[in-house]
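Chain and residue survey
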Amino acid sequence: MPRSSPTLGPGAVDVAFEVNGRAASVRVPPRRTLLDALRDELGLTGAKRVCDEGTCGACTVLVDGRPVYACMTLAVACAGRSVETVEGLARDGALHPVQEAFIAHDAFQCGFCTPGQVMSVVALLRSNAAPTADDVKRAVAGNLCRCGAYPNIVAAALAAARAKKGASERPALPAGARSTSGVEAARPKAERVDGKGASERPALPAGARSTSGVEAARPKAERVERTQR
Amino acid sequence: MSGERPPSARVVRTRVEFEGEISEELALVQGEDLAAWGEGAELRVVGHPARRIEGAAKVTGRAVYTHDLRFPGMLYARILRSPYPRARVRRVDPSRALALPGVRSVLHRFNAPKAAFRGEETIFRDEVRFVGDEVAAVAAESEETADEALGLISVDYEVLPHVVDLEEAIDDSSPRIDEKGNVHDAGSYQRGDLRRAMREADAVVEGTYRTSTQMHNSLETHGAVAVWDGDLLTVFESTQHIFGVRQGLQAALRIPYAKIRVVCEHMGGGFGSKGGIGKYTIVAALFARELGVPVRCVLDRREENLAAGNRSATLQRVRIAAKGGRISAIAHDAWSSAGQGRWVADPTGPTKGLYDVPNVAVRSYRVMANTGSLSAFRAPGYVEGTFALESSIDELADTIGMDPLELRRRHAGATSDPISGLRYSAKRLIECFDIGAEEIGWSRRRPKGLRGSAPGLRRGLGMASQLWGGGGAPPAYATVHLNPDGTAIVRIGTQDIGTGTRTIVAQVCAEELGIDLDAVRVEIGDTDSPYAPISAGSLTVASIAPAIRLAAADAREQLLDVASGVLEVPRAELAVERGHVVSRGARTPLAKVFEELQNYTVVGRGGRMPNPEDLSLKTFGAHFAEVEVDPAVGEVRVEKVVAVHDIGRVIDPLTARSQVEGGVIQALGFALTEERVLDRPLGRVLNADLERYKVPTVMDVPRIVARFVDVPDSEANNTGAKGLGEPPIIPTAAAVANAVANALGVRIRHLPLTPARVLEALA
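All figures in this text were calculated on a predicted structure; none of them were measured in a lab. (Residues numbered from 1 in each chain as written. Chains lettered and ligands numbered in written order. Predicted model: local features only at pLDDT ≥ 70, side-chain atom pairs only at ≥ 80, totals over all residues.)

**A word on the overall build of chain B**
- In terms of regular secondary structure, chain B is built from 18 helices and 33 strands.
- Against the 2.2 N^0.38 benchmark of 27 Å for 763 residues, chain B shows a C-alpha radius of gyration of 27 Å, consistent with a compact globule.
- By its C-alpha atoms, chain B is 85 × 75 × 50 Å across when sized along the principal axes.
- Burial statistics for chain B: of 763 residues in total, 60% are counted as buried.
- The contacts of chain B with a sequence gap of at least 6 include a subset with a gap of at least 24, amounting to 80%. (Helix = DSSP H or I, 4+ residues; strand = E, 2+ residues; numbered from the N terminus. Rg over C-alpha atoms; globule rule 2.2 N^0.38 Å. Buried ≥ 20, exposed ≤ 12 C-beta atoms within 10 Å, placed from the backbone. Contact = placed C-beta atoms within 7 Å.)

Put into structure tokens, the structure is as follows:
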């Protein structure tokens, strides 16, 4: 995100960016989050506002291909960038393989977290065409689902990866390759606070967020400073 | 349905169970019921996995939730909430807020119109009673402006003594915060002779159990959008009960039902907390009426956790006795924190009804505190009570040296309800035990636990049983419109809270009408449709599915009348199969039958029949858990949960499995991590957010195996299906606690089982 950008505001400013492949512009106060700009200015209400502080992932969208929490990203910080939301995944009336898999595997109940879960999985599959279950868990560890659809989300992501082989969406990196712009980069490994090495708990990947047990490290989508309301 | 219609409706009495409470109510009987789909029924759609029919809308972001609604000119309402747990509101000065550009109105107790809400005359109290209680509301042109305005309202509070903690509130030396005292009787029950049984027992075990306040944290917070069109009010609300919202609006605003429409197309979870109108609904409606534009009032996450309900913290004392290798007596006293709620769930329900024990005495108390009201949270009371009961049964089994599953088996076979004496319509609890024990490998269990997967780790197995209602009840009505092209539209005033209701509605209609699933459109979530009950208490399927079946059958019978005339074939020779009328090998598409009739439409209607007299309708189940515990750091890792349920017929095996997994995961939060933390001196909730309040993530999920007995309960209703919403959350925490006790040889009687509590117990 721009670090030496000129001072903006306090009044509304024009922000031009690409949303789902099309040019878009909004006029918003600098404190407006990308999430609120998408929902209120552009009518893209797929991404949800649940915690509004970067803990739940229901607002996950892709900025330049990387998953971010839209509630922690300022709209002005997205000027000139490419934003992808859940609304942009289906092409010509055909659902994206991840969307198809979510339906087939019943990977949602109320559906409120679903747009965010889907975007996290889409980002994963772009950087890792053959993920393991642990890869999937790491990718959606920052997406809460209160209905508890987690087992089906993992199953859906793995099925989508299988189905996507040969699909044309975007050239995927070879299995095992790490993209610098992919999900790994967007979710830096936070330091562990318990002093235990991650290897002692093989079931819990490093960087994973767990609420049970000793405080595990928690991933955060890229955090952009935000004006306090 | 053929032949003569009864001339009029009959009124009968019927037994209705809701959230563990049984009542006898009047029911209207119209028409005749259908014979139940029995065990051998050959069904084409029902009982087969069906994908959610709204799936595409939900994965594309197209599904519109209350939060997503935007109307031209819509204003945003936000609520000012008390920063004190108890205070008198002496003065409210909104002048600075009103001076802020974009602010359109401020409501508070000195200017708001009367609007009745839960027995009170106004939504803004003279004495605010918890941190988060409503003090004032702002309507503004943007949410940001409304938020800013809240900080500009001056309120003069007279701070009063408070108490927020359950056990402090029980203490006589604490402030009395209610005229009638802090502790209120909430019911008692007894059978047999408890004193004598305790005196004559071979062994008696006593324990005090504590459970913590669990917060629903539905991802979509409570909220409403109110739109007036002349004197017609339409409210869009994230709710489990559109008709309940309508009733609340009628009471608050004193306008007739015909002038109110409540809509809930999709909603982002409720788990019991969205059972009716909220103050935010009234705020939206009042502002919208005053200002003549649509108004949206949606809670933020913090408000959701302060003022939109929670599962009561409980303090429970259980005394349990054995004689001759059987449980001879149970005494169970329970105190539940209601916050400012005026009812409380009953943790002693499972103690009264789950096992066939001759001597039982229970008492339940509602304790008032200066915290937000409880609201139903998925099996309210039963989750908390099952933990205490099933923990104490394991303790008793350990004491008398018996396998805890064997001890339960001796009390699980009764064929009649120990409370009412009525015969169960169906009960397959022992089969649940057998399936679960096999699947978890119960024979591996050792009284002192097992070695873990690494040096120092301990492993344990535990189980617990589940009792709940789920039999459903009238009233519930559906209509089925059969279109001239052979497609159908079902209308029923239920709502899909994420459980898959829409899909089940379509399945039952398609099955009975004889058309394909994708030929059915489902219209729910609108009070302009026929009435259906609250989506709570595991009521939905068993209430609405029989009505939909009747409506579809009514449509089919009318269709056959039409087809007989059009095709000139005797009616008795006709049937409907997969969108065709068939007779002696000839198949005529429905569209062809209707071709010359053009827009004549068959409209079928059905109403839920009363429950059978003199039968007890229940659901049963058993959960088995395998855990590994690290005694060095107090960490509990649940490795596997086997969840076996007896809910009669399973209508959609795909979504039913999801329902069970979700219930288990929510229960694991209750068991291991979820706990509202209060600052007692300030009366504040310290973790009213998703950062510090720990709901399970994907990383916390063990292997979950969901199994169903799946035998229709043909005496319960015409579909043989019962409810599944609550059952899967009920026994998990108890099974995990028993597994942890098995692993460690130490019993922890306080949920959640945090590392700190495990270490404390081991110290």
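**With respect to the overall build of chain A**
- Helices and strands together make up the secondary structure of chain A, namely 6 helices and 5 strands.
- Ordered by position from the N terminus, the helices and strands of chain A form the series β-β-α-β-β-β-α-α-α-α-α.
- Expressed as a percentage of the 229 residues in chain A, the buried residues total 55%.
- For chain A, restricting intrachain contacts to residue pairs at least 6 apart in sequence, the fraction spanning at least 24 positions comes to 64%.

**So, the sheet that holds strand S20 (residues 458–468) of chain B**
All names here are of chain B.
- Pairing within the open sheet is mixed, and its 5 strands lie in the order S19-S20-S29-S30-S33. A single partner strand is all that each edge strand has here, and the edge strands are strand S19 (450–451) and strand S33 (703–708).
- In terms of strand pairing, S20 meets strand S29 (residues 619–630) through 11 bridges, oriented antiparallel. When the bridges of S29 are listed, Ser465 appears paired with Ala622.
- Across the sheet, helix H17 (residues 732–744) touches S20, S29 and strand S30 (635–646), and the angle it forms with S20 is around 155 degrees. (Pairing = 2+ DSSP bridges. Axes fitted to C-alpha atoms, helices over the stretch in contact; angles between N-to-C directions.)

**Quick notes on the interface of chain A and chain B**
- Contact with chain A, which involves 52 residues of that partner, is made by 52 residues of chain B.
- Going through the elements one at a time, helix H2 (97–104), helix H3 (114–127), helix H4 (133–140) and helix H5 (150–164) of chain A are the ones with two or more residues in the side of chain A that touches chain B.
- The element that contributes the greatest number of residues to the side of chain A that touches chain B is H5(A), accounting for 5 residues.
- Broken down by class, the residue content of the side of chain A that touches chain B amounts to 28 nonpolar, 14 polar and 10 charged. (Nonpolar A, V, L, I, M, F, W, Y, C, P; charged D, E, K, R; others polar.)

**So, the sheet that holds strand S12 (residues 232–237) of chain B**
Residues and elements named next belong to chain B.
- Strand order in this open sheet of 7 strands is S5-S7-S3-S14-S11-S12-S13, and the pairing throughout is mixed. Two strands bound the open sheet, and with one partner strand each, they are strand S5 (103–108) and strand S13 (260–263). Recorded for the sheet is a direction-independent mean angle of 20 degrees between the axes of neighbouring strands.
- Here 5 bridges tie S5 to strand S7 (residues 134–140), and the two strands are oriented antiparallel to one another. Paired with Val106 across the bridge in S7 is Val138.
- Taken strand by strand, helix H3 (residues 143–150) contacts strand S3 (75–81), S5 and S7, and its axis lies near 25 degrees from that of S3.
- Each of S3, S5, S7, strand S11 (223–229), S12 and strand S14 (295–298) touches helix H7 (residues 279–291); the most contacted strand, S11, lies at about 30 degrees to it.

**Re the domain arrangement of chain B**
All names here are of chain B.
- What the domain assignment lists for chain B is domain 1 (10–60 + 472–607), domain 2 (66–161 + 222–298) and domain 3 (314–471 + 614–762).
- Here the C-alpha centre of domain 3 lies 37 Å away from the C-alpha centre of domain 2.
- Taken together, the contact pairs 11 residues of domain 2 with 13 residues of domain 3.
- Taken together, the residues that form the side of domain 2 that touches domain 3 break down as 5 nonpolar, 4 polar and 2 charged. (Domains from an automatic or database assignment.)

**A look at H4(A)**
- Most of H4(A) is tucked away, with 6 of its 8 residues classed as buried.
- For H4(A), every residue scored as buried is listed here: Asp135(A), Val136(A), Lys137(A), Arg138(A), Ala139(A) and Val140(A).

**What about the environment of Pro570(B)?**
- Within the element layout of this structure, Pro570(B) appears in the loop between helix H14 (540–567) and strand S24 (575–577).
- For Pro570(B) and Leu560(B), which are 10 residues apart along the polypeptide, the C-alpha to C-alpha distance reads 9.6 Å.

**Structural notes on the domain arrangement of chain A**
Residue and element names in this part refer to chain A.
- Domains assigned within chain A are domain 1 (13–88) and domain 2 (97–187).
- Residue-level contacts link 16 residues of domain 1 with 16 residues of domain 2.
- Here the side of domain 1 that touches domain 2 is composed, by residue class, of 9 nonpolar, 4 polar and 3 charged.

**Notes on the packing of H3(A) against H4(A)**
All names here are of chain A.
- Relative to each other, H3 and H4 sit at 130 degrees, their axes nearing to 9 Å. Put simply, H3 runs oblique to H4. Remark: the crossing between H3 and H4 carries right-handed chirality. From H3, Gln117, Ser120, Val121 and Leu124 reach across to H4, where they touch Asp135, Val136, Ala139 and Val140. (Parallel < 35°, antiparallel > 145°, perpendicular 65-115°, else oblique. Left-handed = near helix turned anticlockwise from the far one by under 90°.)

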